Amino acid sequence: MLQQTTVNAVIPYYQKWVKKYPSMESVAKANEQDLLKMWQGLGYYSRVRNIKKAANLFIEKFEGIVPKDPELLRKIPGFGPYTVGAVLSIAYDLRVPIIDANVRRVFMRLLGIEGYADTSKDSVILDILNGLMPQKKNNIFNQALMELGALVCRSKEPLCVMCPVNHFCAAYDRGIQEIIPTPKKKVINEIDVSIAVIKKGGKYFIQQRSSSGLLAGLWEFPGGKVEKGEAPLVALKREIKEELDVDLKSAKHMMDIVHYYTSFKVRLHVYLCELEQKLKLEEGRKWVFVNEFNQYPMPSGSAKIVEKLISQ
Ligand code: SF4
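Let me begin by describing the structure that accompanies this report.

Rules behind the numbers
Residues numbered from 1 in each chain as written. Predicted model: local features only at pLDDT ≥ 70, side-chain atom pairs only at ≥ 80, totals over all residues. Heavy atoms only, no water. Salt bridge = Lys/Arg side-chain N within 4 Å of Asp/Glu carboxyl O. Helix = DSSP H or I, 4+ residues; strand = E, 2+ residues; numbered from the N terminus. Buried < 20%, exposed > 50% of the residue type's maximum accessible area, 1.4 Å probe, protein only. Near = heavy atom within 4 Å. 1 Å grid on protein atoms, 1.4 Å probe; cavity = no way out; pocket = protein on both sides within 12 Å on 5 of 7 lines; lining within 4 Å. Sits in = over half its atoms within 2 Å of the grid points. Nonpolar A, V, L, I, M, F, W, Y, C, P; charged D, E, K, R; others polar. Axes fitted to C-alpha atoms, helices over the stretch in contact; angles between N-to-C directions. Parallel < 35°, antiparallel > 145°, perpendicular 65-115°, else oblique. Contact = heavy atoms within 4.5 Å. Core = buried A, V, L, I, M, F, W, Y, C linked by side-chain atoms within 4.5 Å.

Regarding the pattern of salt bridges
Close approach of charged atoms allows side chains with opposite charge to pair.
Moving on, step 1. Considering all chains together, one arrives at 13 salt bridges under this definition.
Moving on, step 2. A salt bridge links E114 to R174; the shortest N-O distance between them is 3.0 Å. One end of the pair, E114, is in the loop between α7 (101-111) and α8 (122-132); the other, R174, is in helix α10 (residues 170-174), and 60 residues separate them in sequence.
Moving on, step 3. R174 sits in the partly exposed class, given a relative accessible area of 47%.
Moving on, step 4. Residues R238 and E239 are paired through a salt bridge, measuring 3.2 Å at the closest nitrogen-oxygen approach.
Moving on, step 5. Relative accessible area serves as the criterion here: at 11%, E239 is assigned to the buried category.
Moving on, step 6. Ionic contacts of the salt-bridge type, sharing partners, join the residues E230, R238, E239 and E242 into one network.

Examining the site of the ligand
Moving on, step 1. The ligand sits among R109, L110, C153, C160, C163, V165, N166, C169, Y172 and Q177.
Moving on, step 2. At a threshold of 2 Å from the grid points, most atoms of the ligand map onto the largest cavity.
Moving on, step 3. Taken together, the residues of the shell around the ligand break down into 7 nonpolar, 2 polar and 1 charged.

Let's talk about the packing of helix α1 (residues 7-20) against helix α3 (residues 32-39)
Moving on, step 1. Relative orientation of the contacting elements α1 and α3 amounts to 150°, with a least axis distance of 10 Å. On the basis of their axis angle, the class for α1 and α3 is roughly antiparallel. Contact residues: Y13, K16, W17 and K20 in α1; L35, M38 and W39 in α3.
Moving on, step 2. Of the residues that constitute the contact of α1 with α3, the class distribution is 5 nonpolar, no polar and 2 charged.

Here's the deal with the nonpolar core
Moving on, step 1. In this structure, V103, V106, F107, L110, I125, L129 and L148 are the most contacted members of the largest nonpolar core, which totals 22 residues.
Moving on, step 2. Only α7, α8 and α9 (138-152) provide two or more residues apiece to this core.
Moving on, step 3. Take this core: its biggest share by element is 5 residues, from α7.
Moving on, step 4. Ignoring anything within four residues of it in the chain, the contact list for V106 reads L145, L148, G149 and C153.
Moving on, step 5. V193, M255, Y296 and M298 belong to the second largest nonpolar core, which has 19 residues in total.

Keep in mind that these numbers describe shape and distance, not what the molecule does.
Rendered as C-alpha cells:
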C-alpha cells in the first residue's frame, strides 16, 4: 500500500484490510473483486492484484513463508527494490538498504548532489548506504531514515536547525537545501469525459473495464473521452453508440465532477439518460440498485457519482 502513497492516506485502508484479511491464506482465498473493492480510492490497482498473486505464490512455492533471499523475492509480482528492502529489513532485520523518495532527498542534501530527484542518483546513494548500514537493527535504521526525510528533511521548508545530522550536511553547510532536489515543474493534463447514468426500474447500469490496462477490472458508468473540439453531449452519443450499440433517447445534464489522478485532471460531464433500444445484458454488464454499489469496486470518478446518487 505504501508504494507511491503517503502513510496518512494508507492508515485507514490498512486497518480495514488487516481486520478482514489477517493472514496470507485469507488473501490468497479472497475474491479479486472483493480485494479491489477494499482498495477503491487508493489507486494504482495493480498493487492489489500483485498482493493476491504474491500470496498465492508464497503459499504454493514457499509453504506460506516469505523467502529471505532478495533474488527470490525480486521475482515475486510487485516486489521492486523498495519493497524487497522494506520487507527484508523490517520483517527479517536483514542488511538491505531502502531508497524511497524521502531517503533519496535526505542523501542528495547530505552529499550536496544537485539536480532532479530521480533514480539516476541511486547508485551513489546505494554505495554510501551499503557502507553505513549497521550489523543489527536494520529495521530501525531504514525506518529512521525514511522518517527523517518525511518529518525533518521535508521537501519544502526542511527543519535544519533541529536536524540530528546537520553537522555533516553539505546542503545545509552551503545554504542550498531549499533548491536540492531541483523542484519539478508539474504538467497537469486535462481530460473531459462524458458519462451516462442509465436508470431503469430503480436500477442503474454499470459495466466492467477490461482485465488489463488502466483501472483494469473495475466497474463504471458507460461513457468516454470527449475529443478535441467536440461538445460533451455529442461525445456521449458517440461513445454510447460505440460502446453499447444503442442510441440515446434523452440526456439530461446531472452534474460535473472534477477528479485529480496522479498526472492528470478529469472533468466528468454526467448525464441522466434514456435509451432508444434495449440494452443487451452480457458478461461484464449489470443493473444494480443504489444499495448494491458497495459490492462493485469502482474508479474514484464513478464512486463520486455514486455518492451523489446516494445523497439524492
Ligand atoms: Fe535535510 Fe537540513 Fe538535515 Fe541537511 S540539515 S539533512 S537539509 S534537514
